[in-house]
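Geometric and topological summary
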Amino acid sequence: MDFALDDDQQMIVDTIRRFADRDLRGWAADADRAGAPPDRLAHVAGELGFFTDAVPADAGGQLEAAYSHATRALRGFELGRGCPGLAALLETNVEPALAVGRWGSPAAKASLFASLTAGGLAALAHDSRGTLSVDADGAGGARLTGPLGPLPALAIASHVLLAKDGVLYLLDLAGVARIAVAPSSWRAARWATAELTAHAVAADHVVSRDPAAVAEVLAWARASLAARAAGVATAAMEHAERYAAERVQFGQPIGRFESLIRLRDDALTGAAAARLMALHAAWALDTHHPSAHDAASRARVLAGDVVTRATIDAVQIFGGYGFVNDYPVEKLMRDARPFEALHGDERLGRVLAQKAVI
Amino acid sequence: MDLFHDSPLLTGVRQMLGGFAQHQIRPIAIQHDQEESMPWELMRTAQKLGLSQTAVLDGRKKLTGVAEDPDPTKPKSQGRLAVIGSEELAFGCAGICLALGGSGLAASPVARMGTEEQKAEFKRLLAGDDEKGHIKVAAMALSEPATGSDISGLTTTATRDGEHWIIRGSKQWITNGQSAAVYVVWAQTEPAAGRAGVRGFLVARGTPGLVPGRKETKLGIRASETAQVHFEDVRVHKDMMLGSPAVPGEASGGLADTKKMLDSTRPVVAAQGVGIARAAYEFLLDRVRGGSLHGTPMASHQHIMFELADMQMEITAARLLTHRAAWLADHHQENVAEASMAKAYAAKVAQAVTTRAMVLLGEEALAPGHPVDKWYRDAKIYDIFEGTGQIQRRILSRQLTGMNPT
Ligand SMILES: Cc1cc2nc3c(=O)[nH]c(=O)nc-3n(C[C@H](O)[C@H](O)[C@H](O)COP(=O)(O)OP(=O)(O)OC[C@H]3O[C@@H](n4cnc5c(N)ncnc54)[C@H](O)[C@@H]3O)c2cc1C
């Protein structure tokens, strides 16, 4: 077992950390207020290889060998430290591109990759609440009806990869009206809802009917969410540590009060554990280890708890300043929510799955 | 009246304000949260109903039509009335609850320490409408940019100049800070005297040098205004120093009284935390009743129902602590520890219940304008203002051993 990063991984971590510290943190507050990313995001992040890193090289992307979820988890942690809302946009293409690259028909590949290589975005949706209904079209395809979202990137996405009842569908959103919304979390992430009315998905856009493929895609997303959540928790406490060293009450820096040391230390212990679990899940995905899906799900359970607790406690350490938007921690507390909420209540999914086999 | 059974008076207030919360507050809560605006129209309606901004001064008569027994040795019901009312209003919306009652923070020290003239002046300054046509509100300005928990470190000064005091300094996070018609501001009159030198002053809006500052953009309770207030050599007549001249038998008006005042307001603030937690809990309960999960009744799942059972336990425990603290005050008994326990525990429960409700609701609660998302953001303030969670535990620790642990 080797916990050291190789040279390539170290370089990626260093590069993304610089990008997160300088650019993402610099843009975060304005992007949150505006409910949109800065115009420069696409260009700067594109130069760093985001958006097409999971699109095969022969389709105009950058993926030449097997995709590395471990590298993605390493970078996700740094992105989470930067800005979770912008990170969601930077990571949004990965699941659709990987899934279509692996299981998609030539038609699905052509449609999705043409868009992504031209700067388009795709989103992952999981109908965990069963609000969409599916009618077979009699030709191997389907018609989907019902509400989609709210989902990050949906406002500007050209495609959605939808996981529903063990099937993966690639939805071409051309002509689908979207209602852009700005929730209190990840406000820059171009969220939207859409109402599908007998939305046609041709047979060659049904990416997979294998429930194992759906589980695999959701495991990619979970490992990535867990890594980013660990980054957010860490960032919250980085801000809190700096503040607590300067803020003086009762004649001493508040960072010296034992109860606040405990809050910070417990949060960082949790964040370190969540990061390791995310990396372990990513390694299991990369090596097709049988524990991969379970590891990704467990990583998300822990990371969800950790990021919630850490961001609430960071606001606490800032006191009144934590509750107002002069400092970044109130935003991080809002931004913690999707890590637990997206794709449904992770614990409930685990409980029901285990109940079914006993 | 005992601790466990509401009198008809308290039951009536609970029903009346519960209905007000449901029918008048809930429908506008999300809008004011999103717009970060005060519900001025509702504030006027509430005032007409007897929910005056200065309820502390008016006593319970205005709201209930029944005056408190004037005999000071008899138990009162004001404390319990306030916690019952606060829970109901915060169940509607904590931000709006604070907009409706935020002036009470200022009225409280006036009621406790003010002379009859000062009480009359405070009421006079709050009568009628302001220049924007809004009802008038008051602010209590104690915290400063560098001084929140440790109120003995105040740097705002009041210097005597003949018949006047000259107040100089800045205040931070002041509820109603921009709109107030009258401010109760705390300033150091004798730096050498430390805490004993801190006194409260009544300052009217428009007094030269009083400059309301920037309004804050907040995580929650966004229907309540929070702003900085600057005092740039504000000249105040000496009669406007609370408790001055010392009236035999009246409070001295110093910082010690401010702390006592907080003991009386903490249960009220705790009750608001209970109200938020109950809002999230009842929302879930409503969803569970008749709801189904993958074809099975939601109510048949322990994963969901045991969470609700825990929430019910925690909310009930927080409410009992809160009522106990208020009951002790109503019975003229010391309640320092009970008030701190109630405040700290209710804050914890409000945060825990709203967090778990968010998790159970999953993606649904991410939708803009979802009430549980709002309650989750609102709940956090209860661990910060009126003494943070750490400060409540510090008070409890000191009660246990006499030491202030660090
Ligand atoms: C929305 C809002 C409305 C407000 N309204 C008013 C108002 O109307 N009037 C008014 O005067 N003030 C008001 N306040 C201010 C509020 O009372 C203070 O924010 C609060 O007292 C905490 O002070 P602080 O923010 O300076 O935090 P600090 O005192 O700086 O505390 C920072 C952190 O250090 C911790 N800490 C401090 N001392 C200790 C210790 N001894 N041991 C362990 N931990 C410690 C705190 O618990 C906190 O976690 C309001 C604040 C907000 C956010």
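Treat the numbers as computed from the prediction; the structure is a model and nothing was measured.

Comments concerning the overall build of chain B
When you go through chain B residue by residue, the secondary structure sums to 13 helices and nine strands. In terms of overall size, chain B behaves like a compact globule, its C-alpha atoms giving a radius of gyration of 21 Å where 406 residues would be expected to give roughly 22 Å. By principal-axis analysis of the C-alpha atoms, chain B measures approximately 80 × 50 × 45 Å. A total of 406 residues make up chain B; the buried ones form 57% of that total.

Digging into the overall build of chain A
A count of helical and extended segments in chain A gives 13 helices and 10 strands. Relative to the globule expectation of 21 Å for 358 residues, the C-alpha radius of gyration of chain A, 20 Å, shows essentially globular dimensions. Projecting the C-alpha coordinates of chain A onto the three principal axes gives extents of approximately 75 × 45 × 40 Å. Evaluated residue by residue, chain A yields a buried proportion of 58% over its 358 residues. By sequence separation, contacts in chain A at least 24 residues apart represent 73% of the contacts at least 6 residues apart. Taken as a whole, chain A presents about 14,000 Å² of accessible surface, with 54% of it coming from carbon and sulfur. The positive charge centre, built from 35 side chains, and the negative charge centre, built from 42, are 5 Å apart in chain A.

Some remarks on the packing of aromatic side chains
Here a ring pair, both rings aromatic, is described through the centre-centre distance and the interplanar angle of the planes. What the rule picks out here adds up to 15 aromatic pairs over all chains. Ring geometry for Y321 of chain A and Y327 of chain A: centres 5.7 Å apart, planes at 70 degrees, overall edge-to-face. The buried category is assigned to Y321 of chain A, whose relative accessible area is 10%. Judged by its relative accessible area of 30%, Y327 of chain A falls in the partly exposed class. Here a set of aromatic residues connected by ring pairs shows up, and it is made of Y243, F318, Y321 and Y327 of chain A together with W173 of chain B. The ring of F77 of chain A carries R275 of chain A above its face, with NZ or CZ at 5.0 Å from the centroid. Over the aromatic face of F91 of chain B sits the side chain of R278 of chain B, whose NZ or CZ is 4.0 Å from the ring centroid.

Notes on the site of the ligand
Around the ligand sit 32 residues in total, of which R247, Q316 and G320 of chain A together with S149 and T388 of chain B are the nearest. At the site occupied by the ligand, nearby residues are drawn from chains A and B. The side chain of Q249 of chain A places a nitrogen or oxygen atom 3.3 Å from an oxygen atom of the ligand. Within the side chain of S143 of chain B, a nitrogen or oxygen atom sits 2.8 Å from a nitrogen atom of the ligand. Against a free-state accessible area of 970 Å², the protein chains account for coverage of 96% of the ligand. For the shell around the ligand, the secondary structure elements donating two or more residues are α8 (258-286) and α9 (292-318) of chain A together with β1 (138-141), β3 (164-175) and α13 (389-401) of chain B. Split by residue class, the shell around the ligand holds 16 nonpolar, 12 polar and four charged. Two domains each provide a minimum of three residues to the shell around the ligand, namely domain 2 (133-242) and domain 3 (255-401) of chain B.

Things to note about the sheet that holds strand β5 (residues 167-172) of chain A
All names here are of chain A. Read across the open sheet, the four strands follow the order β1-β4-β5-β8; overall the sheet is mixed. Strand pairing shows two members of the sheet lacking a second neighbour, β1 (122-126) and β8 (206-208), which therefore form its edges. Within the sheet, the average angular offset between the axes of one strand and its neighbour, ignoring direction, is 25 degrees. Lying over the sheet, helix α7 (residues 211-246) contacts β1, β4 (159-164), β5 and β8, oriented at roughly 70 degrees with respect to β5.

Section: the side chain of E36 of chain B
Tracing the sequence through the fold places E36 of chain B in the loop between α1 (8-35) and α2 (40-48). Not counting residues up to four positions away in its chain, the partners in contact with E36 of chain B are K215, E216, T217, K218 and R222 of chain B.

Points about the side chain of T156 of chain B
All names here are of chain B. Tracing the chain through its elements places T156 in the loop between β1 and β2 (157-161). There is a polar contact of 2.6 Å between the side chain of T156 and the side chain of E144. Apart from the residues lying within four places of it in its own chain, the contact partners of T156 are E144, I167, R168, G169, S170, K171, W186, A187 and Q188.

Points about the domain arrangement of chain B
All names here are of chain B. Under the domain assignment, chain B is made up of domain 1 (8-123), domain 2 (133-242) and domain 3 (255-401). With 12 residues of domain 2 in contact, the opposing surface of domain 3 contributes 11 residues. Summing both sides of the interface, domain 2 and domain 3 together bury roughly 1,100 Å²; the carbon and sulfur share of this comes to 71%. Inspection of the domain 2/domain 3 interface yields zero salt bridges. The tally of links from domain 2 across to domain 3 stands at two residue pairs in polar contact (both at pLDDT 80 or more). The residue makeup of the side of domain 2 that touches domain 3, split by class, is seven nonpolar, three polar and two charged.

Considerations on the packing of α1 of chain B against helix α12 (residues 371-379) of chain B
Residue and element names in this part refer to chain B. Two numbers describe how α1 lies on α12: the axes approach to 11 Å, and their chain directions differ by 65 degrees. Put simply, α1 runs roughly perpendicular to α12. Like other packed secondary-structure pairs, α1 and α12 cross with a definite hand, here left-handed. Judged by residue contacts, R26, A29, I30 and D33 of α1 engage P371, K374, W375 and R377 from α12. Here the residues of the contact of α1 with α12 sort into four nonpolar, no polar and four charged.

Re a nonpolar patch on the surface
Judged by side-chain polarity, M1, F3 and L276 of chain A come together as a nonpolar surface patch covering roughly 450 Å² of accessible area. Relative to the helices and strands, M1 of chain A resides in the segment before α1 (7-34).

Things to note about the packing of helix α3 (residues 69-82) of chain A against α8 of chain A
Residues and elements named next belong to chain A. Packing of α3 against α8 leaves a shortest axis separation of 7 Å and a crossing angle of 155 degrees. Overall, the two elements α3 and α8 adopt an arrangement that is roughly antiparallel. By crossing handedness, the relation of α3 to α8 is classed as right-handed. Contacts between α3 and α8 involve H69, A70, A73, L74 and F77 from the first element and R275, A278, L279, A282, L285 and D286 from the second. Broken down by class, the residue content of the contact of α3 with α8 amounts to eight nonpolar, one polar and two charged.

How each quantity is defined
- Per-chain numbering applies: the sequence of each chain, read as written, is numbered from 1 onward.
- By the order in which they are written, chains take letters starting at A while ligands take numbers starting at 1.
- For a predicted model such as this one, the threshold for reporting local features is a pLDDT of at least 70, and the threshold for listing and counting side-chain atom pairs is 80 or more; totals across whole chains, interfaces and linings nevertheless cover every residue.
- To obtain the side-chain values, all non-hydrogen atoms of the structure were used and water was disregarded.
- Here a helix means four or more residues in a row that DSSP labels H or I, a strand means two or more in a row labelled E, and each is numbered from the N terminus.
- Taken over C-alpha atoms, the radius of gyration is set against a globule rule of 2.2 Å times the number of residues to the power 0.38.
- Only protein chains enter the calculation, and the probe is 1.4 Å; a residue is then buried if its accessible area is under 20% of its type maximum, exposed if over 50%, and partly exposed in between.
- Two residues qualify as a contact provided that any one of their heavy atoms is within 4.5 Å of a heavy atom in the partner residue.
- Here, Shrake-Rupley sampling with a 1.4 Å probe gives the accessible areas, and only protein chains in the shown set may cover a residue.
- His is not counted, nor are the chain ends, whereas Lys and Arg count as positive and Asp and Glu as negative.
- Think of each charge as sitting on NZ of Lys, CZ of Arg, CG of Asp or CD of Glu.
- In this scheme Phe, Tyr and Trp rings, the latter by its six-membered ring, pair at centre separations within 6.5 Å, and the angle between planes marks the pair as stacked below 30 degrees, edge-to-face above 60, and tilted otherwise.
- For a Lys NZ or an Arg CZ to count as sitting over a ring, it must be within 6 Å of the ring centre and within 35 degrees of the ring normal.
- If a single non-hydrogen atom of a residue is within 4 Å of a molecule or strand, that residue counts as near it.
- As used in this structure description, the phrase polar contact means that two N or O atoms lie within 3.5 Å; if the pair is within protein, one of them must be able to donate a hydrogen and the other to accept it, and residues adjacent in sequence are counted only when both atoms belong to side chains.
- Residue polarity is assigned by list, with Asp, Glu, Lys and Arg as charged and Ala, Val, Leu, Ile, Met, Phe, Trp, Tyr, Cys and Pro as nonpolar; anything else, Gly included, falls into the polar class.
- For every domain, the bounds stem from an assignment made automatically or drawn from a database.
- Strands pair, by our definition, only if DSSP identifies at least two bridges between them.
- Only the stretch in contact is used when a helix axis is fitted, and all axes are lines through C-alpha atoms; the angle between N-to-C directions ranges over 0 to 180 degrees.
- Buried area counts how much accessible surface, traced with a 1.4 Å probe, disappears from two parts once they are put together, with both parts' losses summed.
- A carboxyl oxygen of Asp or Glu within 4 Å of a side-chain nitrogen of Lys or Arg is what we treat as a salt bridge.
- Should an angle fall under 35 degrees it is taken as roughly parallel, and over 145 as roughly antiparallel, whereas 65 to 115 is taken as roughly perpendicular and any remaining angle as oblique.
- Less than a right angle of anticlockwise turn of the near helix away from the far helix marks a crossing as left-handed, whereas a clockwise turn marks it as right-handed.
- Residues enter patches when their relative accessible area tops 30% and they take part in no salt bridge; the joining distance is 9 Å for like charges and 5 Å for the nonpolar side chains Val, Leu, Ile, Met, Phe, Trp and Tyr.

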